[in-house]
Amino acid sequence: MKLIQTIKNIFKIEELRKRIVYTIILLVVYRLGSFVVLPGINGADLGSLEKSASEGLLGLLNMFSGGAFGNASIFALGVMPYISASIVIQLLGVFIPYFKKLQMEGESGRRKMNQLTRYLTIAILCIQGPAYMANLHNQIPMSSFTAINAGWSAWAYNLVSTIILIGGTMFVMWLGERITDRGIGNGISLIIMVGIIARLPYALYVECSTKLGATNGGLLLLIIEFVFLFFVFVAAIALVQATRKIPVQYAKRMIGNKQYGGVRQYIPLKLNAANVMPIIFAQALMLFPLIFSQFNATRGLAATFSNFTGFWYNFVFAFLVIAFTYFYTAVIINPTMMAEDMKKNGGFIPGVKPGKSTMEYIDGVMSRVTLPGSIFLAAIAILPAFAMILGVNNQFASFYGGTSLLILVGVVLDTLQQIESHLLMRHYDGLMKTGRLKGRAGM
C-alpha cells in the first residue's frame, strides 16, 4: 500500500526521522507537565475548578492549555499569553511607525520583534498569574492550600506560585521554539493541537456511551454524527486551503548576455487569511456581558449571552466573526505594500496599471474573497451550537466547529506539508498520490 510505503520513506530519511522523534519527545514532556499540580495544593480538591473551566473564556483557556488550566498545573497559563502578545505586536505594526519599520527590516527586524514579544509575554503573565491565583482561591476551599495551612502567608504563597506559573509558560514557549527549530511543524501550534486532541478520547467515550446506551436507534444516530463530522472536516480543509490567485507578470531585463524576468507568477490570496483569530476575538468579546451580570441593568443581557444554543447568542457571535475577519484580514494584508514591492521589482498585474491602480485592484479582490470566507468561517464557528441542539454532548460538539476544528485542520495540514517537502527534496513521492498539499500561514 502507498501509505505504508510513504511511512517507510519517511523513516528512511535520517534527518526527518530525528526531527519527528525529537518533536514527539518534547510534546510528551509538555503533556506530562500539564498534570504536575502547583506545589502546596491538594490535587484531589480540584473538581470545582475543572467544572468552572469547562465553558466560556475559561473553557477557551483550558482548551489552549490542554486541560492544564483546570488541573492547576505549573503549565496552567499555557501559551495564550504568548499568543496575546504576538497579536498585540502584530497590531502595533499597523499603527506605530517604529514597529512598521521593524517589519520591513527582514531577519534582524523579526528577531527584534520576537524579543519584544517575549518581554510583553512576561508583562501579561505578571497580570494573569495573580488573576489565576485569585480564581483558585475562589474556586477551591482554603483547606486545599496545604502550604498556607502549614504556615505560609497567603501573599508569599501567591507570589511563589505566580513565579512558577511564569516559569511554566516560558518553558512551554521554549519547547515550542525548539520544536520549530529542530523538530517538524510549528511548535506553538503543535502544542495547542496536542492539548485539543487530548480532550478527544474522553469526549468520544462519553458520546459513544450515551448513544449506545439508548434504546431507540442510538447506533444509527452515532453513525450519522460521524458521517456529518467527516463532511465538516472536509469543509474545514477546503476553507483552510482555498486561495484566489492573482497573476503577476515580471518585465524582461537584460543583464550582460542573460535575460532575467519575463515569467508569470501568482499572488495567492487566501479565502480565510485570518485563520482562527476572528473566532477567538469574538468569543472573548461575547463574555463581557457575563462579567457585569451582577448588575440589575445587565442581568437580562447576561442571561441571553449565557445561552450558547440560543438564537441571539449565535446571531451576534456570527456577526462578530464576520466583522473581525474583515478587520484582521485588513491588518495582516497590506495591498499598498504589495503594490509597491511589485513596482520596485518590475512586476505588474496584466491589464492593471502599476501603483495606485494595482493597490485598488488587490484591495477589491481581497474584499470580494473575504466575504464568502467570513460567512463560511462564521458558519463553522456556530456549528457546535447546532450539534448540541441535536443532542451531541458539549465536549464532543466542540469538534464540529470553532477553534478546535480549525486549529486541528490547519496544524495538521501545515505539518504534513513540511513532511512532504522533505520527501520531495529527496526524490520520494509526496504524501498524496495526486496533487500537492497546500499548507496555511501560521496562527
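That block above? That's the structure.
What you see is a predicted model, and the numbers here were worked out from it, not measured in a lab. Each chain carries its own residue numbering, running from 1 in the direction its sequence is written. Residue-level local features of this predicted model are given only where pLDDT is at least 70; pairs of side-chain atoms are given and counted only at 80 or more, and the full residue set underlies all totals for whole chains, interfaces and linings. Neither water nor hydrogens contribute to the side-chain values; these are computed over all heavy atoms in the structure.

Undergrad: Residue-level account of the side chain of serine 161, with values.
TA: We count a stretch as a helix when DSSP gives it H or I for four or more residues in a row; a strand needs E for two or more, and each element gets its number in order from the N terminus. Along the polypeptide, serine 161 turns up in helix α9 (residues 154-182). Each residue gets one of three labels from its accessible area relative to the maximum for its type: buried under 20%, exposed over 50%, partly exposed in between, using a 1.4 Å probe on protein chains only. On the basis of relative accessibility, which here comes to 2%, the residue serine 161 falls in the buried class. The criterion used for residue contact is that any of the two residues' heavy atoms lie within 4.5 Å. The residues contacting serine 161, other than those within four sequence positions of it, are Leu38 and Met133.

Undergrad: Let's hear about the packing of helix α12 (residues 218-241) against helix α20 (residues 402-425): which residues, and what values?
TA: Axes here mean lines fitted to C-alpha atoms, for a helix over just the part in contact, with angles spanning 0 to 180 degrees between N-to-C directions. Close contact between α12 and α20 brings their axes to 10 Å; oriented N to C, the two are set at 60°. In terms of axis orientation, α12 runs oblique to α20. When the axes of α12 and α20 are compared, the crossing they make is right-handed. Between α12 and α20, the residues in contact are Val232, Phe233, Ala236, Ile237, Leu239, Val240 and Gln241 and Leu405, Leu406, Val409, Gly410 and Leu413, respectively. Per-class residue counts for the contact of α12 with α20 are 10 nonpolar, two polar and no charged. Here is the rule for angles: anything less than 35 degrees is roughly parallel, anything more than 145 is roughly antiparallel, 65 through 115 is roughly perpendicular, and the remaining ranges are oblique. Handedness of a crossing follows from how the near helix is turned relative to the far one, being left-handed for an anticlockwise turn of less than a right angle and right-handed for a clockwise one. Amino acids are sorted into nonpolar (Ala, Val, Leu, Ile, Met, Phe, Trp, Tyr, Cys and Pro), charged (Asp, Glu, Lys and Arg) and polar (every other residue, Gly among them).

Undergrad: Describe the packing of helix α7 (residues 107-139) against α9, with residues and values.
TA: Here α7 crosses α9 at 135°, and the two axes come no closer than 9 Å. It follows that α7 is oblique to α9 by the angle criterion. Considering how the two elements wind past one another, α7 and α9 form a crossing that is right-handed. Residue-level inspection shows Arg118, Thr121, Ile122, Leu125, Cys126, Gly129, Pro130, Tyr132, Met133 and His137 of α7 in contact with α9, the latter providing Tyr157, Asn158, Ser161, Thr162, Leu165, Ile166, Thr169, Met170, Met173 and Glu177. Residue composition of the contact of α7 with α9, by class: 11 nonpolar, seven polar and two charged.

Undergrad: Give me the lowdown on the nonpolar core, citing residues and values where you can.
TA: Note on terminology: a nonpolar core comprises buried Ala, Val, Leu, Ile, Met, Phe, Trp, Tyr and Cys residues joined through side-chain atoms within 4.5 Å. Core analysis: the biggest nonpolar cluster contains 76 residues, and Ile192, Phe317, Val321 and Leu406 have the highest contact counts within it. Per-element accounting of this core gives the leading share, 10 residues, to helix α18 (residues 356-389). Apart from residues no more than four positions distant in its own chain, leucine 406 is found in contact with Leu239, Val240, Val276, Ile279, Leu377 and Ile380. Among the nonpolar cores identified, the runner-up in size contains 18 residues, and Ala72, Leu77, Leu125 and Ile148 belong to it.

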